[in-house]
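In case you want the letters, here they are:
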Amino acid sequence: MKRTKIKDALNAQAPAADICIKGWVRSKRDNKGFSFLALNDGSCLATIQVVVDHTPEIEAALERLGTGASVAVYGELVESPGQGQQWEVRGKRLEVIGEADQETYPLQKKRHSDEFLRTIAHLRPRTNKFSALFRMRSKLAQAVHKFFADKGFFYIHTPIITGSDCEGAGEMFRVTSLEAGSKEPVENDFFGKPANLTVSGQLSVEMFALSLGDCYTFGPTFRAENSNTPRHVAEFWMIEPEMAFADLSDDMDLGEEMIKYLVAHMLDECAEDVELFAKWVDKGLMPSLETILKEPFKRLPYTEAIDILRKAKKEFEYPVEWGIDLQTEHERYLCEEKFKKPVYVYDYPKTIKPFYMRLNDDGTTVAAMDCLVPRIGEIIGGSQREERMDVLLARMQEMSLKEEDYWWYLDSRRYGTAPHAGFGMGFERMLMLVTGVSNIRDVMPFPRTPKSLDF
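Here the structure is a predicted model, which is why all the values come from computation and not from measurement.

Chemist: Even after reading the chapter, I still don't get a nonpolar patch on the surface, so can you show me in this structure?
Modeler: Together, Ile160, Ile161, Phe190 and Phe191 give the surface a local cluster of nonpolar side chains, amounting to about 410 Å² of exposed area. Structurally, phenylalanine 191 is set in the loop between β8 (174–175) and β9 (195–197).

Quick look at the structure:
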């Protein structure tokens, strides 16, 4: 008999005389003459109740079933007399698929801390919170692609192994085929030159935007930054659109439209799962998401943002002065306390931004923007790109970057250069925004952090 997913069984329009469901036991309750099983198969948040009468065959199967075991149930779908559920399954036959050792199985019918669940990341998707979260992660990724497809963007697969440092920070993982501790020259390595895991697909997707128009890349990126904050991991996913013949204002328009689209999509497609987070994780989640949908984002220059922070009647851990890179506490003050909605800060000092951002006429700032959202801070970082060859070369010299390492990037300014703009959105930070989860490790299936590579 073909299996019916629990989500489909719970949404059935009529009883069914024959049904097969398969899933994992969340709980088992034995009464005299019959037992109740609560089964979940990951297709939805809810469990389905299974009622079985004690026959010799079923009792033998029940003895092998405990929390975490997998089972197939054959029976009929009937209306449930219990409150809060329309349907239940009257089981006629149980087939134990995989037993779970009850002495060692770490997930019991109680709330576990996020810290504990990180130590068993391979099992935490079986909890309500994390099954909901990773269903939402899947839906959010699909929504990203739909957003860009509907707007006519082309999806580009950019390299994961690279010879260039997009951000110029040097915090990159090296890729090598040489033996550990080898004294061989880099010329003998696989690529014949230093190779690293990419920190961004931006430079590559720029090339395609200057040929195909509007493009985007969406894939894994890597930072060898020894940071253990709730916002940083070594491996994460970035959404990076790039638009030809676009300026900074176009860039901010696209980012705002995208955030609003993704929030609306998740509220429509994952209502049950979002509700779990609004009830148990962040009681301010729904009002925050509703504000994002209803209110236009605030836009203000970096210099004005610094003035606001200086005048704020608040003690910041990090001092505020013109020329600093805003810290999370500054970002959150602007969007949570001052404006109470998402905020774009733009026109940053050139000294704190990468070489490829367009130099403004004042000679001291660049056409860069960050989008700040409540609870998280920066969720988008982007800019209008420097399309003028002479200015771009001067910026590279200022930052001690070798022209020969970027010859292909410079060609795009030699042959038909054009204004263009784009940004990077942290996919995990977007997921944090729509769930209220405060630690990035909890929105990743298997987080990679310093000294942690367990799964």
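Chemist: How should the environment of phenylalanine 355 be read in this particular structure?
Modeler: Within the fold, phenylalanine 355 resides in the loop between β13 (343–349) and β14 (365–373). The class for phenylalanine 355 is buried, based on a relative accessible area of 1%. The sequence separation of phenylalanine 355 and glutamate 403 amounts to 48 residues, and the corresponding C-alpha distance is 12 Å.

Chemist: Would you explain the side chain of arginine 395 in this entry?
Modeler: Along the chain, the position of arginine 395 falls in helix α11 (residues 389–398). Within the structure, the side chain of arginine 395 is placed 3.3 Å from the backbone oxygen of lysine 350, a separation counted as a polar contact. A polar atom in the side chain of arginine 395 sits 3.3 Å from the backbone oxygen of proline 354. Those residues in contact with arginine 395 that lie beyond four places of it in its chain are Lys350, Lys353, Pro354, Phe355 and Val366.

Chemist: Would you mind showing me how to read the sheet that holds β8 here?
Modeler: Neighbouring strands of a sheet are bound in pairs by backbone hydrogen bonds; such pairs are parallel or else antiparallel. The antiparallel open sheet is built from three strands, whose spatial order is β7-β9-β8. Edge positions in the open sheet fall to β7 (161–162) and β8, since each of these has one partner strand only. Summarising the sheet, β7 and β9 pair through two bridges and their orientation is antiparallel. In the sheet register, isoleucine 161 faces β9, and the bridge partner there is leucine 197.

Chemist: Honestly, unusual backbone geometry in this entry has me stumped. Any pointers?
Modeler: Even without being a glycine, arginine 375 presents a positive backbone phi close to 75°. Inspection of the secondary structure assignment puts arginine 375 in the loop between β14 and β15 (377–384). Here the phi dihedral of lysine 451 falls at roughly 65°; this positive angle occurs in a residue that is not glycine. By the element assignment, lysine 451 lies in the segment after α13 (427–435).

Chemist: Help me understand the nonpolar core in this model?
Modeler: In summary, soluble globular proteins display a tendency toward joint burial of nonpolar side chains. In this structure, Leu94, Ile259, Met425 and Met430 are the most contacted members of the largest nonpolar core, which totals 89 residues. Among the elements that make up this core, the one with the highest residue count is helix α4 (residues 128–150) (10 residues). With near-sequence residues (within four places) excluded, leucine 94 lies in contact with Leu37, Val52, Ile58, Ala61, Leu62, Leu65, Val71, Ala72 and Val73. Ranked by size, the runner-up nonpolar core spans 33 residues in total, among them Ala305, Ile306, Leu326 and Val366.

Chemist: I would appreciate a short explanation of the sheet that holds β14 in the present structure.
Modeler: Taken in spatial order, the eight strands line up as β6-β10-β11-β16-β15-β14-β13-β12 in an open sheet, and their pairing is mixed. Of all the strands in the sheet, just β6 (154–155) and β12 (298–301) have a single pairing partner and so form its edges. Sheet topology note: the β12/β13 ladder contains four bridges and is parallel. Across the sheet, the residue bridging to lysine 298 is valine 343, located in β13. The strands touched by helix α6 (residues 248–269) within the sheet are β11 (235–244), β12, β13, β14, β15 and β16 (420–426), with β16 carrying the most contacts at an inclination of about 35°.

Chemist: What's the story with the packing of aromatic side chains in this structure? I'm lost.
Modeler: What describes a pair of aromatic rings is the distance from one ring centre to the other and the angle between the planes of the rings. Within the structure shown, the criterion is met by 19 aromatic pairs. Ring plane angle 45° and centroid distance 5.2 Å describe the contact between tyrosine 302 and tyrosine 348, whose orientation is recorded as tilted. Remark: tyrosine 348 occurs in strand β13 and tyrosine 302 occurs in helix α9 (residues 302–311); sequence separation between them is 46 residues. Residue classification places tyrosine 302 among the buried residues on the basis of a relative accessible area of 0%. The buried category is assigned to tyrosine 348, whose relative accessible area is 0%. Every member of this aromatic cluster is reached through a ring pair, and the members are Phe147, Phe148, Phe153, Tyr155, Tyr216 and Tyr261. When the ring centre of tyrosine 74 is taken as origin, the NZ or CZ atom of arginine 93, which lies over that ring, is 4.1 Å away. Positioned above the aromatic ring of tyrosine 409 is the side chain of arginine 413, whose terminal nitrogen or guanidinium carbon lies 4.3 Å from the ring centre.

Chemist: In this structure, what is going on with the pattern of salt bridges? I would like to understand it.
Modeler: A side chain with one charge can pair with a side chain of the opposite charge if their charged atoms come near. On inspection of all chains with the given rule, the structure shows 27 salt bridges. In this structure, the salt-bridge partner of aspartate 114 is lysine 129, at a minimum N-O distance of 2.8 Å. In this pair, aspartate 114 sits in helix α3 (residues 114–118) while lysine 129 sits in helix α4, placing the two residues 15 residues apart along the sequence. The partner of glutamate 337 in a salt bridge is lysine 314, and the shortest N-O contact between them spans 3.2 Å. Of this pair, glutamate 337 sits in helix α10 (residues 328–338) while lysine 314 sits in the loop between α9 and α10; the two residues are 23 residues apart in sequence, bridging distant segments of the chain. Since its relative accessible area comes to 39%, glutamate 337 is described here as partly exposed.

Chemist: Sorry if this is basic, but what is going on with the packing of α6 against α13 here?
Modeler: Any two packed helices are characterised by the angle at which their axes cross and by the distance between the axes. Close contact between α6 and α13 brings their axes to 11 Å; oriented N to C, the two are set at 50°. In terms of axis orientation, α6 runs oblique to α13. Both α6 and α13 take part in a crossing whose hand is right-handed. Facing α6, whose interface residues are Ile259, Leu262, Val263 and Met266, α13 presents Met430, Leu433 and Val434. By residue class, the composition of the contact of α6 with α13 is seven nonpolar, no polar and no charged.

Chemist: Sorry if this is basic, but what is going on with the pairing of β13 here?
Modeler: Residues in a regular strand point their side chains to alternate faces of the sheet. Of all seven residues making up β13, five are buried, and the element is well covered by its neighbours. In terms of strand pairing, β13 meets β14 through six bridges, oriented antiparallel. Within β14, the position partnered with tyrosine 348 by the bridge is valine 366.

Chemist: Help me understand α11 in this model?
Modeler: In an α-helix, one turn spans 3.6 residues, which is why side chains three or four residues apart end up on the same side. Of the residues making up α11, those classed as buried are Met389, Val391, Leu392, Arg395 and Met396. The buried residues of α11 occupy an angular sector of 165° when projected down its axis, which confines them to one face. In this structure, α11 carries Asp390 and Gln397 as exposed residues pointing more than 90 degrees from its buried face. As for α11, its buried residues are in contact with β14 and α12 (407–414). Where α11 ends, the next residue or the one after it, serine 400, has phi of about 60°, a positive value.

What counts, and where the lines are drawn
- Here, residues in each chain are numbered from 1, in the same order as that chain's written sequence.
- This being a predicted model, a pLDDT of at least 70 is required before a residue's local features are given, and a value of 80 or more before pairs of side-chain atoms are given or counted; all residues contribute to the totals for chains, interfaces and linings.
- In computing side-chain properties, one takes all heavy atoms of the structure into account and sets aside hydrogens as well as water.
- Here the term patch refers to residues with relative accessible area over 30% and no salt bridge, with like charges joined within 9 Å and nonpolar side chains (Val, Leu, Ile, Met, Phe, Trp, Tyr) within 5 Å.
- Method for areas: the Shrake-Rupley scheme with a 1.4 Å probe, in which residue coverage is limited to the protein chains shown.
- One side-chain nitrogen of Lys or Arg within 4 Å of one carboxyl oxygen of Asp or Glu is enough to make a salt bridge.
- A run of DSSP states H or I qualifies as a helix once it reaches four residues; a run of E qualifies as a strand once it reaches two. Both are numbered from the N-terminal end.
- Burial here depends on accessible area, computed with a 1.4 Å probe over protein chains only, as a share of the maximum for the residue type. Under 20% is buried, over 50% is exposed, and the range in between is partly exposed.
- Identification of polar contacts relies on pairs of N or O atoms within 3.5 Å, with a donor-acceptor requirement for protein atoms, meaning one able to donate a hydrogen and the other able to accept it, and with residues adjacent in sequence counted only if both atoms are side-chain atoms.
- Residues count as neighbours in contact if any of their non-hydrogen atoms are within 4.5 Å of one another.
- Only strands that DSSP links by at least two bridges are regarded as paired with each other.
- What makes a nonpolar core is a set of buried Ala, Val, Leu, Ile, Met, Phe, Trp, Tyr and Cys residues whose side-chain atoms join them at distances within 4.5 Å.
- For every element, the axis is a line fit to its C-alpha atoms; helices are fit only across the contacting stretch, and the angle between N-to-C directions ranges from 0 to 180 degrees.
- Only rings of Phe, Tyr and Trp enter the pairing, Trp through its six-membered ring, and a pair is recorded when the two centres are within 6.5 Å. The plane angle decides the type: under 30 degrees is stacked, over 60 is edge-to-face, the rest tilted.
- Think of it as a cone above the ring: NZ of Lys or CZ of Arg counts as a charge over the ring if it is within 6 Å of the ring centre and within 35 degrees of the ring normal.
- With respect to orientation, any angle under 35 degrees is reported as roughly parallel, any angle over 145 as roughly antiparallel, any angle of 65 to 115 as roughly perpendicular, and every other angle as oblique.
- By definition, turning the near helix anticlockwise from the far helix through less than a right angle yields a left-handed crossing, and turning it clockwise yields a right-handed one.
- In the scheme used here, Gly and all other residues not listed as nonpolar or charged are polar, with Ala, Val, Leu, Ile, Met, Phe, Trp, Tyr, Cys and Pro taken as nonpolar and Asp, Glu, Lys and Arg as charged.
- This arc is built from the directions going out from the helix axis to the C-beta atoms.

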